[in-house]
Amino acid sequence: MSIDDPARPETPEAPPSKTRRPTTTDPTTASTTATATDPTAASTTATATDPTAAPEPAPTGPPARPGTWSALRPLVLRVHFYAGVLVAPFLLVAALSGLLYALSFQAEKIVYAHELEVPVGDTVLPLSQQVGIARKVNPNGTVTAVWPGAEPGATTRVLMADPDVPEGTSLAVFVDPYTGDVRGQLPSYGSSGALPLRTWTDELHRDLHLGEFGRNYSELAASWLWVVALGGLLLWLGRRRRTRRALFLPEGGPASRRRTLSWHGSVGLWTVTGLVLLSATGLTWSRYAGENIGVVQDGLGGATPTLTATLGGAPGGSSEHEGHGGGHTGTAPTAQGPDIGIDRALEAARAAGIDSPRLSVAPPADGKGYVIKETDTQFPLQLDSVAVDPADGTVLDRLAFADYPLLAKLTRIGIDAHSGVFLGLFNQLALAALALALVLLILWGYRMWWLRRPGRPAARGAWRRIPAQLLLPLLAGTVLVAWFVPLLGLSLLLFLAVDLALALVARIRARSTRTG
């Protein structure tokens, strides 16, 4: 038995002989095993176990119904096959671009080392002085956020709205916090501060540099990834094997389809949880499914709380996602009234419990006060934020990450993990490993398909074998999921149309052969 050929046994049966040595196999066990594959073979298998046993009388009642998995397996197999063959190209592109993105974090530190790192000095200049230096270097820019150096030897990043950078991107001015020297200026994208190299790989992964239209590819890949992964898991767990070791570890031996299947199944088993989580978190910011997820999240009370930063007391904070597409957009703040300055505002935030070294300080803008956010995604997470009145340093509001609803916490952590900013290097290595594993799974799947050609994974009409009491809930669930994840539903309809067209062509050919 294999993942894409239910009729093929795991090990070939021994050729028949005139005499057979009696075995100690339990006839009941043999009958049960045979029934799982072919309900009509139960008595035959039991008799073959002991040739001296009297043949059992033929059943007089209706044949036994196959088990739930026996009925579902052909359908799961056919969906897994079609999705694997037709959607795999999109998954392959997403995996390769995701691998590049995961590696770009460390590459960014090497490529932009001059802008990011400086020799450690004796004293640190006031933050207001560093911001003033950045303003002199780029007088046409307007400061939208300031990221003080998070560790000794790190530069201060002053983000500015600038007409010369792409829309949705800020211009980052890197200032030496010890000497005040400007180390360089680079476009910065998103709330994770992606520089040009990582921004390019991020856009490649998200939309292939094709804009909104290109986002359909990544949403289609994320929509099917969990279906393919869970379907493969069911097929692998339902496969007969001699030892439990074969479930978790691939087989050795010469190259063959059986060995390829072993690697495909065992690696898929180890990575299925990560692949499903990647699919779920990737859908959260997709175009169509993402909107539905947001509605459900809000309905369940899992919306991200908002910091009240407006000077009049109305809600005026923001709650963006990290990573792909989230964060500072480079919008210029408007002029304000009295201002205590960024240094005193930061002191007020520290007094209010903001103690992480990784911070983002947004100056007063559009009737709002200072917004100081912790941005430390290492464990333990430090993601609290406060709003400070620029007139007198009063804390207008404080929002602790611990007060987030559970669903909002999980959403934030999941998106950070998908973006590679959760737990730092460990997160990035895990993403790279998952991406590489997905590439190998796809290549192994295509190899098995090529070695099996021209056979089919399962006969058409597999759904007819499913009992009505199981088929009706399955159809209802499929319709609901297809509505909730629109690109999954549309592509599933396309698969059905292709399958029906192939069946029609095969029927026409069969008729012409008989009449000819």
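The present account deals with the structure reproduced in this document. Nothing here was measured: the structure is a model prediction, and the numbers come from that model.

Thoughts on the packing of aromatic side chains
A complete count under the given rule lists eight aromatic pairs for this structure. Residues Trp224 and Phe495 carry aromatic rings whose centres are separated by 5.2 Å and whose planes lie at 40 degrees to one another, so their mutual orientation is tilted. You can see Trp224 sitting in helix α7 (residues 215-237) and its partner Phe495 sitting in helix α15 (residues 486-515), a full 271 residues away along the chain. Among the residues examined, Trp224 registers a relative accessible area of 1% and is labelled buried. Assessed through its relative accessible area of 10%, Phe495 is described here as buried. Between Phe401 and Tyr404 the ring centres are 4.9 Å apart and the planes differ by 55 degrees, which places this aromatic pair in the tilted class. Like Tyr404, Phe401 is buried. Over the face of the ring belonging to Trp236 we find Arg241, whose NZ or CZ atom lies 4.6 Å from the ring centre.

What to know about the pairing of strand β6 (residues 370-374)
Of all five residues making up β6, five are buried, and the element is well covered by its neighbours. Burial along β6 is two-sided: the residues Tyr370, Ile372 and Glu374 and Val371 and Lys373 are all buried. Bridge count between strand β5 (residues 359-362) and β6: four bridges; the pairing is antiparallel. Along β6, the bridge assignment pairs Val361 with Ile372. In the sheet, β6 pairs with strand β7 (residues 385-388) via four bridges, with the strands oriented antiparallel. Directly across from Val371, in β7, lies its bridge partner Ala387.

Side note on unusual backbone geometry
Note that the residue after Phe379, namely Pro380, is joined by a cis bond; omega there is 0 degrees. Within the secondary structure, Pro380 sits in the loop between β6 and β7. Even without being glycine, Asp366 reaches a positive phi, approximately 55 degrees. One can find Asp366 in the loop between β5 and β6.

The rules behind each value
- Residues numbered from 1 in each chain as written.
- Predicted model: local features only at pLDDT ≥ 70, side-chain atom pairs only at ≥ 80, totals over all residues.
- Heavy atoms only, no water.
- Phe/Tyr/Trp six-rings, centres within 6.5 Å; stacked < 30°, edge-to-face > 60°.
- Helix = DSSP H or I, 4+ residues; strand = E, 2+ residues; numbered from the N terminus.
- Buried < 20%, exposed > 50% of the residue type's maximum accessible area, 1.4 Å probe, protein only.
- Lys NZ or Arg CZ within 6 Å of the ring centre and 35° of its normal.
- Pairing = 2+ DSSP bridges.

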